[in-house]
Amino acid sequence: MPSSFPGMDPYLESPEFWPEVHSRLIVAIADTLAPSLHPKYYAAIEKRTYLDTPEDSILVSIPDVSVAKKSSQSKPAIDRQATATLSQPEVVTLPLPEKVTERYIEIRETETASVIVAIEILSPKNKRTGEGRTAYLTKRQRVLASQTHLVEIDLLRGQTPMPIGVRLQTDYRLLISRSNTRPKAELYGFNLQDPIPTFAVPLKAEDEAPTLDFKSILNEIYERAGYGFRIDYQSPIKPALSPENQQWVDSLLK
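Residues numbered from 1 in each chain as written. Predicted model: local features only at pLDDT ≥ 70, side-chain atom pairs only at ≥ 80, totals over all residues. Heavy atoms only, no water.

(A) Spatial organisation of the sheet that holds strand β6 (residues 149–154). Sheet architecture is open: 6 strands sit in the order β1-β4-β5-β6-β7-β8, paired in mixed fashion. Of all the strands in the sheet, the pair left with one neighbour each is β1 (41–52) and β8 (186–190). Averaged over all pairs of adjacent strands, the angle between strand axes in this sheet comes to 15 degrees, irrespective of strand direction. Here β1 runs beside strand β4 (residues 98–109); their pairing, made up of 12 bridges, is antiparallel. In the sheet register, Asp52 faces β4, and the bridge partner there is Glu98. Sheet contacts for helix α1 (residues 18–37): β1, β4 and β5 (115–121); angle to β4, the most-contacted strand, approximately 15 degrees. (Pairing = 2+ DSSP bridges. Helix = DSSP H or I, 4+ residues; strand = E, 2+ residues; numbered from the N terminus. Axes fitted to C-alpha atoms, helices over the stretch in contact; angles between N-to-C directions. Contact = heavy atoms within 4.5 Å.)

(B) Up close: the layout of surface pockets. Taken as a whole, the largest pocket holds about 650 Å³ of empty space. Around the largest pocket, the lining is made up of 24 residues, and of these Trp18, Ser123, Pro124, Lys125 and Arg128 lie nearest the centre. Put simply, the parts of the chain that give the lining of the largest pocket at least two residues each are α1, β4 and α4 (124–127). When its residues are assigned to classes, the lining of the largest pocket shows 9 nonpolar, 7 polar and 8 charged. (1 Å grid on protein atoms, 1.4 Å probe; cavity = no way out; pocket = protein on both sides within 12 Å on 5 of 7 lines; lining within 4 Å. Points joined across faces, edges and corners; volume = space filled by probe spheres on them. Nonpolar A, V, L, I, M, F, W, Y, C, P; charged D, E, K, R; others polar.)

(C) Quick look at the pattern of salt bridges. Overall, the coordinates contain 17 salt bridges when judged by the stated rule. Glu13 is paired through a salt bridge with Arg157; the nearest N and O atoms lie 2.9 Å apart. Within this pair, whereas Glu13 is found in the segment before α1, its partner Arg157 is found in the loop between β6 and β7 (172–177), the two being separated by 144 residues in sequence. Given a relative accessible area of 16%, Arg157 falls into the buried group. One salt bridge connects Glu20 with Arg24, and the closest N-O pair in it is separated by 2.9 Å. Taken together, the residues Glu20 and Arg24, both in helix α1 and 4 residues apart, mark about one turn of the helix. Taken together, the shared-partner salt bridges connect Arg48, Glu102, Glu120 and Lys139 into one network. (Salt bridge = Lys/Arg side-chain N within 4 Å of Asp/Glu carboxyl O. Buried < 20%, exposed > 50% of the residue type's maximum accessible area, 1.4 Å probe, protein only.)

(D) Region of interest: the nonpolar core. Counting residues in each nonpolar core, the largest one holds 47 residues, and the members touching the most others are Leu25, Ile29, Ile107, Ile119, Ile153, Phe199 and Phe214. Put simply, the parts of the chain that give this core at least two residues each are α1, β4, β5, β6, β7 and α6 (214–225). Of the residues forming this core, the biggest block, 9 residues, is contributed by α1. Setting aside anything within four residues of it in sequence, one finds Phe199 in contact with Val151, Ile153, Leu174, Ile176, Pro210, Thr211, Leu212 and Phe214. (Core = buried A, V, L, I, M, F, W, Y, C linked by side-chain atoms within 4.5 Å.)

(E) Expanded view of unusual backbone geometry. Of note, the amide linkage connecting His38 to Pro39 takes the cis form, showing an omega dihedral of 0 degrees. Structurally, the position occupied by Pro39 is in the loop between α1 and β1. With an omega of 10 degrees, the peptide bond between Arg182 and Pro183 qualifies as cis. With respect to the secondary-structure elements, Pro183 resides in the loop between β7 and β8. Residues other than glycine seldom take positive phi values, yet Ala113 does so here, at roughly 65 degrees.

What follows is the structure in structure tokens.
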């Protein structure tokens, strides 16, 4: 049974489900495109790796008050300067770097292995200030300065959108930057109530661009992963919706 939502299911944006959704979408898109690409092109699943720190930068553990009191009572009085020097320290847990791996798709020309188009589905770390955003923006700029087309899919309402040159107040965004029309690009903005646009994946000018029905792909992974019975549709949506959107969701799910 597919999701009840006409476009993006906001429950899939939850940190509990999104990493799995992201991985499944990458594989499903590559598999869907493959028949229309072969033999001249092929879809490769690539990855970038970087070190990032957890969201909670420092976790502070307060020392045991009873132990501190007992120690202070048993020690002889010392001067004020010595007390400051020997005072009980706080115990802190430093944020250790964690290895992050993000996957994306490259459509390559079979004969030369040159990258024709990069397809990216944004992750929360790409949109949040930090190493993840820096790493992605560096890759993005490199693609935009090359002869490679870029397809950038943003299905996350939270955090800061990628720079697109205009202020677009929509829940989700789909950007198609063709190397032969830059700096002009095609931007689809859509909201929670809207269907996800069907779009053409650009190839070389002489070849027909395959059409990608993204909503059908999302429905397929929704059913295969069993999200219909894994998601608690009575639980709060993360990130939270506006009152108007929440009212629309409540009405839809009834």
